Amino acid sequence: MPPVVRQIGHRLLVLVGVLFAVSVLTFMLTSLLPGDPALQVLGTEDATPEALERVRDELGLDEPLPLRYLDWLSGVVRGDFGSSYITNQPVAGEIANRAPVTLEIGALALAISLLSIPLAVGSAHWVGRAFDQVTSTVSFGMLSVPTFVLALVLIYTLAVETSLLPATGWTRLTPFPENLADNLRGAILPALTLAIGNIAVLTRVLRTDMLATLQQDYLVMARSMGVSTRRLLFVNALRPSSFTLLTVLGVQIGAMIGGAVIVETLFAVPGMGRLLVDAIFQRDLMVVQGVVLVMAASFVIVNFLADLAYLVVDPRLRSLNP
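Calculation rules
- Residues numbered from 1 in each chain as written.
- Predicted model: local features only at pLDDT ≥ 70, side-chain atom pairs only at ≥ 80, totals over all residues.
- Heavy atoms only, no water.
- Helix = DSSP H or I, 4+ residues; strand = E, 2+ residues; numbered from the N terminus.
- Buried < 20%, exposed > 50% of the residue type's maximum accessible area, 1.4 Å probe, protein only.
- Contact = heavy atoms within 4.5 Å.
- Areas by Shrake-Rupley, 256 points an atom, 1.4 Å probe, with all protein chains shown as cover.
- Lys, Arg positive; Asp, Glu negative; His and termini not counted.
- Charge placed at Lys NZ, Arg CZ, Asp CG, Glu CD.
- Core = buried A, V, L, I, M, F, W, Y, C linked by side-chain atoms within 4.5 Å.
- Expected span 1.5 Å × (residues − 1).
- Bend = angle between axes of the 7 residues up to and from the residue.
- pLDDT = per-residue confidence, 0-100.
- Phe/Tyr/Trp six-rings, centres within 6.5 Å; stacked < 30°, edge-to-face > 60°.
- Patch = residues over 30% accessible without salt bridge, like charges linked within 9 Å, V, L, I, M, F, W, Y side chains within 5 Å.
- Salt bridge = Lys/Arg side-chain N within 4 Å of Asp/Glu carboxyl O.

## Let's talk about the overall build of the protein
Consideration 1: On a plain count of helices and strands, the protein comes out with 14 helices and 0 strands.
Consideration 2: Reading the helices (α) and strands (β) of the protein from amino to carboxyl end gives α-α-α-α-α-α-α-α-α-α-α-α-α-α.
Consideration 3: Dimensions of the protein along its principal axes, counting C-alpha atoms only, are 85 × 60 × 35 Å.
Consideration 4: Taking all 322 residues of the protein together, 39% fall into the buried category.
Consideration 5: Partitioning the contacts of the protein with sequence separation of at least 6, the portion at a separation of at least 24 is 71%.
Consideration 6: When the accessible surface of the protein is split by element, carbon and sulfur atoms take 67% of a total near 17300 Å².
Consideration 7: Seen as two clouds, the 20 positive and the 24 negative side-chain charges of the protein have centres 18 Å apart.

Right under this line is the structure:
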C-alpha cells in the first residue's frame, strides 16, 4: 500500500476517534447542566409531579446517562438529532435551515481573510519600509481588539454614521438572483467582523515565514539569475512558507465557527450561532447538543483537511510512514 494512502487512512482513523470523543463530551457536558428539562417543557404553572414524571418518561430523562447517550448517538449516526423540547420540531431540520446562513458568512469572511496573503508578501518584500511598518502596526492593533468591540465599531461607522450597510437583519438568498444584492449587504458586516482578526493573525504569521524563506540560498540564486520578483515571491517563496499558514488557518476557521455565536447575536443573523444562543436561554438541551456537536465536528473536519493539505504542499511528506 502506498505511504500516502496509509497516511490518509491513519488520519481518518484519528478523525473518527476524535469525533467520537467530541460526541461524548458534547452529550455529557450538556446533560450534566443543572435544571430539569421537563420543567422547561411544562412551565411552572403546569408542572405537577405527575406531569413532570410523564414528560421525563416520554423524553427518556429517567434512563441512565450511558443509555441516553447510546440512544442519542444511534440517532445522530442516522441524521436524527432528536426533537426540540420547546418547538417539538426535528433538531436536524432546524440545523439544516440555519447552517447555510452561517456557511455563507464564514465563506465570505474566509474570502476576505485571503487579503492577508498579498499584505504579508508585500511586508516581507518591503521589510522595514513604510508599507511593512503600516501593515505590521495595523495588524498588531487589530489583534488587541475583541470581536464584539470590533463589531460595535463597524456598526457605528458603517451603519449608524454613514448608513452604508444595515446594522441588523438578514435577507434570504432566494429567490436568486433578485435577493443577491440585499443578501450581500446584510452579510458584509458580520463577515468583515470575523475576517479582520483573521487578516491580522495570518498576515503576521505568513510575513515571518516569508522573511525566513527569502533568505534561502536557492532564492538568492534565482534572484541573481533574473527571475522576476512577482514569480519569486508568489511562486518560489510563498509555497514553502505556507505550512504555518495552513495550520493557523485551520485554527482560525475554528475560531470563526465559535465567533459566529457572538457575531450572529450582535447582527441578528438567523444562523447556527443565533440558534445556539436562543436554545441556551430556553434550556432546549436537544438543540444545544445538536448545534454544539455540528460546530465541534466542523472544527475537527476543517483541521483534518488542513492536515491533508500538507501532503499537497510538500510532496516529501507523502513518502513518510504515518
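## Examining the nonpolar core
Consideration 1: Trp72 and Val291 are the most contacted members of the largest nonpolar core, which has 34 residues in total.
Consideration 2: Of all the secondary-structure elements, those providing two or more residues to this core are helix 1 (3-31), helix 2 (37-42), helix 3 (49-59), helix 4 (65-77), helix 5 (91-113), helix 13 (272-282) and helix 14 (285-313).
Consideration 3: A per-element tally of this core places helix 14 first, with 11 residues.
Consideration 4: Judged by nonpolar contacts, the second largest core, of 23 residues, contains Val101, Leu150, Ile155 and Met256.

## Quick notes on helix 5
One turn of the α-helix equals 3.6 residues, which is why residues spaced by three or four share an orientation.
Consideration 1: In a regular helix each residue adds 1.5 Å, so 23 residues correspond to 33 Å; helix 5 covers 32 Å between its end C-alpha atoms and thus fits that length.
Consideration 2: When the local axis directions of helix 5 are compared, the greatest deviation, roughly 35°, occurs at Arg98, which is followed within four positions by the proline Pro100.
Consideration 3: Of all the positions in helix 5, only Val91, Ile95, Arg98, Ala99, Val101, Thr102, Ile105, Ala109, Ile112 and Ser113 are classed as buried.
Consideration 4: The elements touched by buried residues of helix 5 are helix 6 (116-125), helix 9 (180-213), helix 12 (243-266), helix 13 and helix 14.

## Comments concerning the confidence of the model for the protein
Consideration 1: A residue-level look at the protein finds 97% of positions with pLDDT of 70 or above and a mean pLDDT of 86.
Consideration 2: Mean pLDDT in the protein bottoms out at helix 2, which sits at 72, and peaks at helix 6, which reaches 94.

## Observations regarding the packing of aromatic side chains
Consideration 1: Enumeration according to the criterion identifies 6 aromatic pairs in this entry.
Consideration 2: Note on Tyr69 and Trp72: the rings are 6.3 Å apart at their centroids and 45° apart in plane angle, and the pair reads as tilted. Remark: Trp72 and Tyr69 occur in helix 4; sequence separation between them is 3 residues, near one turn of the helix.
Consideration 3: Look at Tyr69 and you get buried, because its relative accessible area is 6%.

## Digging into the environment of Glu58
Consideration 1: Locating Glu58 in the fold gives a position in helix 3.
Consideration 2: Judged by its relative accessible area of 56%, Glu58 falls in the exposed class.
Consideration 3: Taking the C-alpha atoms as reference points, Glu58 and Ala38, 20 residues apart in sequence, are found 9.6 Å from one another.

## Looking at a negative patch on the surface
Consideration 1: Residues Asp57, Asp62, Glu63, Asp71 and Asp80 make up a contiguous surface patch of negative charge.
Consideration 2: Tracing the backbone shows Glu63 in the loop between helix 3 and helix 4.
Consideration 3: Looking at Glu63, the relative accessible area reads 40%, which means it is partly exposed.

## Let's talk about the pattern of salt bridges
Consideration 1: Enumeration over the complete set of coordinates arrives at 3 salt bridges.
Consideration 2: Notably, a salt bridge pairs Arg11 with Asp307, separated by 2.8 Å at the nearest N-O pair. Here Arg11 is found in helix 1, whereas its partner Asp307 is found in helix 14, with 296 residues between them in sequence.
Consideration 3: Given a relative accessible area of 24%, Asp307 falls into the partly exposed group.

## Quick notes on the environment of Val101
Consideration 1: By secondary structure assignment, the location of Val101 is in helix 5.
Consideration 2: Overall, the relative accessible area of 2% leaves Val101 in the buried class.
Consideration 3: In the structure, Val101 is positioned 135 residues away from Asn236 in sequence and 38 Å away in space, judged by C-alpha atoms.

## Some thoughts on unusual backbone geometry
Consideration 1: We note that Ala268 has phi near 55°; this positive angle belongs to a residue other than glycine.
Consideration 2: Mapping Ala268 onto the fold places it in the loop between helix 12 and helix 13.
Consideration 3: Not every positive phi belongs to a glycine, and Arg283 is a case in point at roughly 55°.
Consideration 4: You can see Arg283 is positioned in the loop between helix 13 and helix 14.

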